[in-house]
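Okay, here's what each chain looks like letter by letter:
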Amino acid sequence: MSNKHTFVMIKPDGVERGDVGNIISRFENKGLELQNMKLMHISRDLAKKHYQEHKEKPFFNELIDYITSGPVIVMIWEGENAISAVRFLMGATDPQKAEPGSIRGDMALSITKNIVHGSDSEESAQREINLFFK
Ligand code: RTP
Ligand code: MG
């Protein structure tokens, strides 16, 4: 695995609002290529594994409740520097600080419900792809 591949999740609020097509279009317009995609309802166990780096954080339980609250779309995207390209398109974690034009800047208000997840390093991309696409 290299920086050519990244794992992306459209979180339950993004799916529920009907923003799946809009979000996918943004990645396609950038020039990234969709490699794999599925809709799933993730278990609490899988959610805890996915966000294991945050297990000591005060927002961990709220995060697990949110991410398991409805179906999500999980995807693998490919392209040059795909990891950083996706993170840039997503915008800052806190939508109040995300630039207009970014997904979170345009579409979200809350730091918990921020529409989309993208891997933050080659190591997490590999780990997350293995977790969701085994
Ligand atoms: P993600 O992992 O979902 O792509 O988000 P990120 O890298 O931009 O941010 P991260 O620090 O990894 O946080 C993971 C997710 O936890 C929720 N969060 N809530 N209440 C809070 O202070 C807080 N901080 C983070 C968000 O859903 C964030 O995306
Ligand atoms: Mg993160």
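Please read these numbers as outputs of a predicted model, since none were measured by experiment. (Residues numbered from 1 in each chain as written. Chains lettered and ligands numbered in written order. Predicted model: local features only at pLDDT ≥ 70, side-chain atom pairs only at ≥ 80, totals over all residues.)

Brief notes about the UniProt feature "active site" (unreviewed entry) in the chain
Turning to step 1, where the next piece is worked out: Under the local residue numbering, the UniProt record ascribes the feature "active site" (unreviewed entry) to His117.
Turning to step 2, where the next piece is worked out: Of note, His117 is situated in strand E4 (residues 116–118). (UniProt positions renumbered as here; feature names shortened; annotations may be inferred. Helix = DSSP H or I, 4+ residues; strand = E, 2+ residues; numbered from the N terminus.)

Description of the site of ligand 1
Turning to step 1, where the next piece is worked out: Taken together, the neighbourhood of ligand 1 is formed by His54, Phe59, Leu63, Thr93, Ile111, Thr112, Asn114, His117, Gly118 and Asp120.
Turning to step 2, where the next piece is worked out: Across the shell around ligand 1, the residue classes break down as three nonpolar, six polar and one charged. (Near = placed C-beta within 6 Å. Nonpolar A, V, L, I, M, F, W, Y, C, P; charged D, E, K, R; others polar.)

A word on the environment of Gln96
Turning to step 1, where the next piece is worked out: Here Gln96 shows up in the loop between helix H5 (82–90) and helix H6 (103–107).
Turning to step 2, where the next piece is worked out: Residues Gln96 and Leu109, spaced 13 residues apart in sequence, show a C-alpha to C-alpha distance of 6.1 Å.

Remarks on the nonpolar core
Turning to step 1, where the next piece is worked out: Within the largest apolar cluster, 26 residues are counted, with the highest numbers of intra-cluster contacts made by Phe7, Val8, Met9, Trp77, Val86, Ile103 and Val116.
Turning to step 2, where the next piece is worked out: With residues up to four places along the chain from it excluded, the contact list for Val86 reads Thr6, Val8, Phe27, Trp77 and Gly118. (Core = buried A, V, L, I, M, F, W, Y, C linked by C-beta atoms within 7 Å. Buried ≥ 20, exposed ≤ 12 C-beta atoms within 10 Å, placed from the backbone. Contact = placed C-beta atoms within 7 Å.)

Quick word on the pairing of strand E1 (residues 5–10)
Turning to step 1, where the next piece is worked out: By the criterion of burial, E1 is predominantly enclosed, with six of the six residues buried.
Turning to step 2, where the next piece is worked out: Two elements, E1 and strand E3 (residues 72–78), share six bridges in a ladder whose sense is antiparallel. Along E3, the bridge assignment pairs Val8 with Met75.
Turning to step 3, where the next piece is worked out: Looking at chain direction, E1 and E4 are connected through three bridges and run antiparallel. The residue of E4 that forms the bridge with Val8 is Gly118. (Pairing = 2+ DSSP bridges.)

Description of the confidence of the model for the chain
Parts of the prediction with low pLDDT should not have their coordinates interpreted in detail.
Turning to step 1, where the next piece is worked out: For the chain, per-residue confidence averages 97 on the pLDDT scale, and 99% of positions sit at 70 or higher.
Turning to step 2, where the next piece is worked out: Reported confidence for the predicted complex is 0.96 by ipTM and 0.97 by pTM. (pLDDT = per-residue confidence, 0-100.)

Let's talk about the UniProt feature "binding site: ATP" (unreviewed entry) in the chain
Turning to step 1, where the next piece is worked out: Under the local residue numbering, the UniProt record ascribes the feature "binding site: ATP" (unreviewed entry) to Lys11, Phe59, Arg87, Thr93, Arg104 and Asn114.
Turning to step 2, where the next piece is worked out: Along the chain, Arg87 turns up in helix H5.
Turning to step 3, where the next piece is worked out: On the basis of neighbour count, Arg87 is assigned to the partly exposed category, with 18 C-beta atoms found within 10 Å.
Turning to step 4, where the next piece is worked out: Apart from the residues lying within four places of it in its own chain, the contact partners of Arg87 are Gly118 and Asp120.

Digging into the sheet that holds E1
Turning to step 1, where the next piece is worked out: Reading across from one edge, E2-E3-E1-E4 is the order of the four strands in this open sheet, with antiparallel pairing throughout. Strands at the two margins of the open sheet, each flanked by one partner only, are strand E2 (33–40) and E4. Recorded for the sheet is a direction-independent mean angle of 15 degrees between the axes of neighbouring strands.
Turning to step 2, where the next piece is worked out: In terms of strand pairing, E2 meets E3 through seven bridges, oriented antiparallel. Considered in E3, the bridge of Met37 is made with Met75.
Turning to step 3, where the next piece is worked out: Lying over the sheet, helix H7 (residues 122–132) contacts E1 and E3, oriented at roughly 60 degrees with respect to E1. (Axes fitted to C-alpha atoms, helices over the stretch in contact; angles between N-to-C directions.)

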